[in-house]
Amino acid sequence: FLFGIIIIVFLQVISGYNIKRLIQGNKTLLNELIVQKDLRQLETNILIVESDIRGAIITGNEIHLRNVEEYSRIIDNDLADMSKRLGTSDSDLQVPLLTSLVEAKKDFNQSILNEYFSNNKAGADSLINTNRGKEIRDSVINLVSLIESSRQEGLRRIVSSIEETGRNARLW
């Protein structure tokens, strides 16, 4: 009888350990998925702002600009959240470069808007036609893809760890 109780306690300890590892693995996986979502959302928001500014310049209709400031705040918040979520791995060291590219894109967008609001539609058009904004946007997209691909191995490790812990939990 005593031996049976010892076995039950032992199994509960092992189960508790495996459950704790599963919970930790799931939290890590969730964090990684949030980072990936945030990267894609950042990319999308940059494209939306660029599209809205181009739409306003081309059509001369400022209604396209109504959400530009809001999206700029969202972009800033996304960058700040990502910096907090990311650790010190190689891909995470690229976040300062991403931040500087996003700031360059925001500055370029602002210079287009400044030209436009100074009643110089032709100047805003010429700034757009320099393709500088496109180059910065493409650099942001490429860096986001690079960060995502460099984080894929970590994501595979997390999933493998969760699967292994789940198998161990099932066996015990």
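Scroll up to find the structure this text is about.
Residue numbers run consecutively from 1 along every chain, following the written order of its sequence. Confidence filtering applies because this is a predicted model: local features only for residues at pLDDT of at least 70, side-chain atom pairs given and counted only at 80 or more, and all residues used for totals across whole chains, interfaces and linings. Where side-chain values are given, they derive from all heavy atoms of the structure, hydrogens and water being excluded.

### What about the nonpolar core?
Remark: nonpolar core denotes a set of buried residues (Ala, Val, Leu, Ile, Met, Phe, Trp, Tyr, Cys) joined through side-chain atoms within 4.5 Å. Three labels apply to residues, based on accessible area from a 1.4 Å probe with only protein chains included: buried if under 20% of the type maximum, exposed if over 50%, partly exposed otherwise in between. With 29 residues, the main nonpolar core has Leu42, Ile53, Leu98 and Val102 as its most contacted residues. Counting from the N terminus, the helices are the DSSP runs of H or I reaching at least four residues and the strands are the DSSP runs of E reaching at least two. Those elements giving two or more residues to this core turn out to be α1 (2-59), α2 (68-85), α3 (95-117), α4 (121-129) and α5 (132-171). In what follows, a contact means two residues having at least one pair of non-hydrogen atoms within 4.5 Å. In this structure, Leu42 is in contact with Ile75, Asp78, Leu79, Met82, Leu98 and Val102, ignoring residues within four places of it in sequence.

### Some details on a nonpolar patch on the surface
Together, Phe1, Ile5, Val9 and Val13 line one region of the surface with nonpolar side chains, adding up to about 440 Å² of accessible area. Tracing the sequence through the fold places Ile5 in helix α1. By relative accessible area, which is 36% here, Ile5 ends up partly exposed. Residues forming no salt bridge and having over 30% relative accessible area are the ones grouped into patches, like charges within 9 Å of each other and nonpolar side chains (Val, Leu, Ile, Met, Phe, Trp, Tyr) within 5 Å. Working definition of accessibility: Shrake-Rupley area with a 1.4 Å probe, residue cover restricted to the visible protein chains. The salt bridge definition used is simple: a Lys or Arg side-chain nitrogen within 4 Å of an Asp or Glu carboxyl oxygen.

### Thoughts on the environment of Arg40
By secondary structure assignment, the location of Arg40 is in helix α1. Given the relative accessible area of 37%, Arg40 is considered partly exposed. Not counting the four nearest positions on each side in its chain, Arg40 is found in contact with Ser145 and Glu148. Side-chain atoms alone can form a polar contact between residues adjacent in sequence; in general such a contact is a pair of N or O atoms within 3.5 Å, and within protein one must be able to donate a hydrogen while the other accepts it. Reaching out from Arg40, the side chain makes a polar contact with the side chain of Glu43 at a distance of 2.9 Å.

### Section: the side chain of Arg151
You can see Arg151 is positioned in helix α5. Assessed through its relative accessible area of 11%, Arg151 is described here as buried. Within the structure, Arg151 has its side chain in polar contact with the side chain of Glu32 (distance 2.6 Å).

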